[in-house]
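One-letter residues, chain by chain:
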Amino acid sequence: MKMVSSYVMQDDQLFPMLTVFETFMFAAEVRLPPSISRDEKKKRVHELLDKLGLQSATHTYIGDEGRRGVSGGERRRVSIGIEIIHKPSLLFLDEPTSGLDSTSAYSVVEKIKDIAQGGSIVLMTIHQPSFRIQMLLDKITVLARGRLIYMGRPDALHTHLSGFGRPVPDGENSIEYLLDVITEYDQATVGLDPLVQYQHDGHKPDPAAMTPVPKPPGTPYRRNTPASKHMISLRSQGFTAGTPQPDSAQFGLDDEEDDDENFDNSLERRSVKTTRNIVTSGVYPRLASQFYQDFSAKDFSVWLYNGVVGTPRRHPSWTPARTPAWTPGKTPLSGPRSFISNQHSASYQDHYYLQKSHSAVSQSMDYSATSYAPSYEEFEIEEVLDEQDLGPKYANPWLREVAVLSWRTVLNVIRTPELFASREIVLTVMALVLSTIFNNLGDTTFKDINRLLNFYIFAVCLVFFSSNDAVPSFINERFIFIRETSHNAYRASSYVISSLIVYLPFFAVQGLTFAVITKLMLHLKSDLFNFWMILFSSLVTTNAYVMLVSALVPSYITGYAVVIATTALFFLTCGFFLKRTQIPFYWKWLHYISAIKYPFEGLLINEFKNDRGCYTGNKADLSPGPLGDVKPSKHHNASLPLNCLLGEDVLSTMDITMESLWYDILILLAWGILYRFFFYLVLRFYSKNERK
């Protein structure tokens, strides 16, 4: 189903800094296979622009609240266009006219009508359509509180309401008038039962029973009414494998057993005559059958059934609980996956269904009266025949997805320079400010040691807090990712890797800028390359952590709160304020998961390791700082003056026992990889959950 269908969300989730043409080209690159040349993809994009009436907006940015772009109707048509670039067989739209004026709404539905006439089956929800839009629709289904009020052609609504005794007044919109009638009955003591019953069996209720009487104030809505069993469910009641029998329980709604039997029978419905003659019992709704008969030429029922449940030897990607009446252990999973492919001949299909129909219907009847919860194991037990192959799950290989996503990310970064330019400016300005405040840290006094410690811890915290701007940027992209991956446009791993590849050069430039300025102006003894690598690793890790938090929180306000709180906690337990030995044992684990601990220790090792110089001065100068009582290291010997402090003595006093700063760098990068892995798992959960 995911491979042959598309879904247009109610909200337009698009990148604001891409043009209409670039948006369509990106959709073509990820939704069409590489066997189609780039020229052919461009040709299809231009055809789509003509079809949707977007020629004048070809090179216009999508835009958002802060940037001027295309109009609301054009943006909605762009959302539809990116979902039909690969010509899906089935298109779902969630309120495509919401938020549009009447002219734009009509234009959108008119384009949707053209898509339907082009061969796709289109199903959409719409609230209170105008008369012009109403006349564009082939079939409508009106629901109230989940119950079926009307199903049929829009132009037949006048006749339906007249038969009910509520003819549409002259000059009134029939759908708007029906909504008024629904509201009138819903707020009356009789409820919706007369409307539901009339749609159900075509019999007009007793005039006394159908006369709406206003409810007393505070009366709750009645649900347990005799007609409540006619509420719409997800189970198919519109077609069956048998012949129509209007005289026996016209709608199969007398009890739950009939519902289940009818649903299982409908799954085996075929357009060939041999199959229809097999089963001699079933139900045939008067109006629902008319709705589904229009799809008989395309054999919609078999295509839908095989497309969803015909997945061999793997867990279903949809939620079994949504079809409680279907018995997957009894209904055969075999058969061709889709009528679109021609790999299996029609005679083979007919022969298979001819043999399976008797057992399928009889088995489903045995289990129809029980409440059944499908399980994955039953999919493994059922015999599965060879099925038609719809091709690979994704249209493009992994490397091509990474390349295309990287190209799109680069365009967005270039056209939103404030995203990284702001961080570059902050790090540059703060490097100059710190250099002028701390002045010179190259002296060999005890006071300089404390000043060095203060500088390094502030530098690390600055790097970590500077990545908080990634919270709102990813939250905005999250909904676009969910929309694009819900129908296998690309893999979640491709998105994670492509974003990292694009951001790495920016992190390298930002870290190098800060390291060069502070190294030269403060006369640090640290190695410049190691200093840069520590800052670069810190930027990579903190970016991964911020993106992980952004993927978990519902809004950027919550994301800011979580990032700041956890970063402050890492700051507290990194070893600057409290050394490892001073942290209570029940909180000591925070010291080892602190992402600030490792770059801070790496910077101190880079500054003091192998430094045989002697820091001298009054040891009282150390008391207000984090060092406190100096603890001589193994390199300190009796030949040194009492007021001499080696670099190893500083590390020993800070409880830093690492022999190599690259150990800290590798641990820091390992945390970054772990954060990105969890980020990838969250994205996979989002994409899979959206497909359901």
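These numbers were taken from a predicted model, which means no experiment stands behind them.

In strand β4 (residues 140-144), alternate side chains face the same way, and those of Ile 140, Val 142 and Ala 144 are buried while those of Thr 141 and Leu 143 on the opposite face are not. Here β4 runs beside strand β5 (residues 147-152); their pairing, made up of five bridges, is antiparallel. Within β5, the residue paired with Val 142 across the bridge is Tyr 150. Hairpin connection between β4 and β5: a loop of two residues separates the two successive antiparallel strands, and Arg 145 in this loop has a positive phi of roughly 55°.

On to the pattern of salt bridges. Applying the stated criterion across every chain yields a total of 18 salt bridges. In this structure, the salt-bridge partner of Asp 186 is Arg 145, at a minimum N-O distance of 2.7 Å. One end of the pair, Asp 186, is in helix α7 (residues 174-186); the other, Arg 145, is in the loop between β4 and β5, with 41 residues separating them in the sequence. Classification of Asp 186 by relative accessible area gives buried; the value is 15%. The shortest N-O distance in the salt bridge between Asp 193 and Arg 147 comes to 2.9 Å. Of the two residues, Asp 193 is situated in helix α8 (residues 193-201) and Arg 147 in strand β5; the sequence distance between them amounts to 46 residues. Classification of Asp 193 as buried rests on a relative accessible area of 14%. Here the salt bridges do not stand alone but share partners, grouping Arg 31, Glu 83, Arg 408, Arg 483 and Glu 484 into one network.

What follows covers the packing of aromatic side chains. Per the stated rule, a full pass over the model turns up 29 aromatic pairs. Note on Tyr 556 and Tyr 560: the rings are 6.2 Å apart at their centroids and 90° apart in plane angle, and the pair reads as edge-to-face. One end of the pair is Tyr 556 and the other is Tyr 560, both in helix α22 (residues 556-572) and four residues apart, which spans about a single turn. When its relative accessible area of 44% is taken as the criterion, Tyr 556 is described as partly exposed.

Below, the discussion takes up helix α21 (residues 528-552). Since the α-helix packs 3.6 residues into each turn, any two residues three or four apart lie on the same face. Under the 1.5 Å per step criterion, the end-to-end length of α21 is 37 Å for 25 residues, consistent within 8% with the ideal 36 Å. Within α21, 21 of the 25 residues are buried, leaving the element largely enclosed by the surrounding structure. Sitting at the amino-terminal end of α21 is Asp 527, which places a side-chain oxygen 3.2 Å from the backbone nitrogen of Phe 529.

A word on unusual backbone geometry. With phi around 45°, Glu 95 is a residue other than glycine that occupies positive phi space. Among the secondary structure elements, Glu 95 is positioned in the loop between β2 (90-94) and α4 (102-117).

To continue, consider the confidence of the model for the protein. Residues of the protein with pLDDT of at least 70 account for 69%, and the chain-wide mean is 74. In this model residues 223-387 is a low-confidence stretch, pLDDT under 50, and it forms 261 contacts with partners more than four residues away in sequence or in other chains.

We now examine helix α6 (residues 157-164). Within the sequence span of α6, burial applies to Leu 157, His 160, Leu 161 and Phe 164. Burial along α6 is one-sided: seen end-on, the buried residues are contained in an arc of 90°. A positive backbone phi angle near 95° is found at Gly 165, which sits one or two residues after α6.

Attention now goes to the packing of α21 against helix α24 (residues 597-608). Between α21 and α24, the least distance of the axes is 10 Å, while the angle of their chain directions is 180°. With respect to α24, the axis of α21 lies roughly antiparallel. Where α21 approaches α24, its residues Asn 530, Phe 531, Ile 534 and Ser 538 are matched on the opposing element by Pro 599, Gly 602, Leu 603 and Asn 606. Grouping the amino acids of the contact of α21 with α24 by side-chain chemistry returns four nonpolar, four polar and no charged.

Let us look at the pairing of β2. Summarising the sheet, strand β1 (residues 5-8) and β2 pair through four bridges and their orientation is parallel. Across the sheet, residue Val 8 finds its bridge partner in β2, namely Leu 93. The pairing of β2 with strand β3 (residues 121-125) spans five bridges and is classified as parallel. The residue bridging Leu 93 from the neighbouring strand is Met 124, located in β3. In this view, the connection linking β2 to its parallel neighbour β3 by way of α4 has right-handed handedness.

This part is about the side chain of Thr 58. Within the secondary structure layout, Thr 58 lies in the loop between α2 (38-51) and α3 (72-84). A polar contact of 2.7 Å, which involves the side chain of Thr 58, links it to the backbone oxygen of Gln 55. Excluding residues within four positions of it along the chain, Thr 58 makes contact with Thr 19, Val 20, Phe 21 and Leu 49.

Our focus in this paragraph is the UniProt feature "transmembrane region" (unreviewed entry) in the protein. Following the UniProt record, one finds the feature "transmembrane region" (unreviewed entry) at residues 425-441, 453-475, 495-517, 529-553, 559-578 and 661-683. The span residues 453-475 carries 83% helix and 0% strand; its end-to-end C-alpha distance comes to 36 Å. Helix makes up 70% of residues 559-578 and strand 0%. Its end C-alpha atoms lie 27 Å apart.

What follows concerns the sheet that holds β2. As summarised here, the arrangement of the three strands in space is β1-β2-β3, forming an open sheet in which the pairing is parallel. The sheet terminates laterally at β1 and β3, the two strands that pair on one side only. Across the sheet, the mean angle from the axis of one strand to that of its neighbour is 15°, orientation sign disregarded.

By the element assignment, His 487 lies in the loop between α19 (470-485) and α20 (492-522). Taking the C-alpha atoms as reference points, His 487 and Glu 83, 404 residues apart in sequence, are found 9.3 Å from one another. In this structure, His 487 is in contact with Lys 2, Ser 5, Ser 6, Tyr 7 and Arg 31, ignoring residues within four places of it in sequence.

Below, the discussion takes up the packing of helix α1 (residues 20-31) against helix α16 (residues 398-415). Axis separation between α1 and α16 bottoms out at 10 Å; the angle between their running directions is 165°. One way to sum up the angle between α1 and α16 is to call them roughly antiparallel. At the point where α1 passes α16, the crossing takes the left-handed sense. Between α1 and α16, the residues in contact are Glu 22, Phe 26, Glu 29 and Val 30 and Arg 400, Val 404, Leu 405, Trp 407, Arg 408, Leu 411 and Arg 415, respectively. Here the residues of the contact of α1 with α16 sort into six nonpolar, no polar and five charged.

Within the element layout of this structure, Glu 83 appears in helix α3. Polar side-chain contacts of Glu 83 include one of 3.4 Å to the side chain of Arg 483. Sequence-distant contacts of Glu 83, defined by excluding residues within four places in its chain, comprise Ser 6, Tyr 7, Val 8, Arg 31, Pro 88, Leu 91 and Arg 483.

Counting residues in hydrophobic clusters, the biggest one holds 88 residues, and the most contacted among them are Tyr 456, Leu 604, Phe 679 and Leu 683. In terms of residues, this core owes the most to one element, α21, which gives 14 residues. Not counting residues within four places of it along the chain, the set of residues in contact with Leu 683 comprises Phe 474, Phe 481, Ala 492, Tyr 495 and Val 496. Listed in part, the 55 residues of the second largest apolar core include Met 25, Ile 140, Leu 161 and Val 190.

Conventions we followed
Residues numbered from 1 in each chain as written. Predicted model: local features only at pLDDT ≥ 70, side-chain atom pairs only at ≥ 80, totals over all residues. Heavy atoms only, no water. Buried < 20%, exposed > 50% of the residue type's maximum accessible area, 1.4 Å probe, protein only. Helix = DSSP H or I, 4+ residues; strand = E, 2+ residues; numbered from the N terminus. Pairing = 2+ DSSP bridges. Salt bridge = Lys/Arg side-chain N within 4 Å of Asp/Glu carboxyl O. Phe/Tyr/Trp six-rings, centres within 6.5 Å; stacked < 30°, edge-to-face > 60°. Expected span 1.5 Å × (residues − 1). Polar contact = N/O pair within 3.5 Å; in protein donor to acceptor, adjacent residues only side chain to side chain. pLDDT = per-residue confidence, 0-100. Contact = heavy atoms within 4.5 Å. Arc of directions from axis to C-beta. Axes fitted to C-alpha atoms, helices over the stretch in contact; angles between N-to-C directions. Parallel < 35°, antiparallel > 145°, perpendicular 65-115°, else oblique. Nonpolar A, V, L, I, M, F, W, Y, C, P; charged D, E, K, R; others polar. Right-handed = clockwise from strand over helix to strand, strands pointing away. UniProt positions renumbered as here; feature names shortened; annotations may be inferred. Left-handed = near helix turned anticlockwise from the far one by under 90°. Core = buried A, V, L, I, M, F, W, Y, C linked by side-chain atoms within 4.5 Å.

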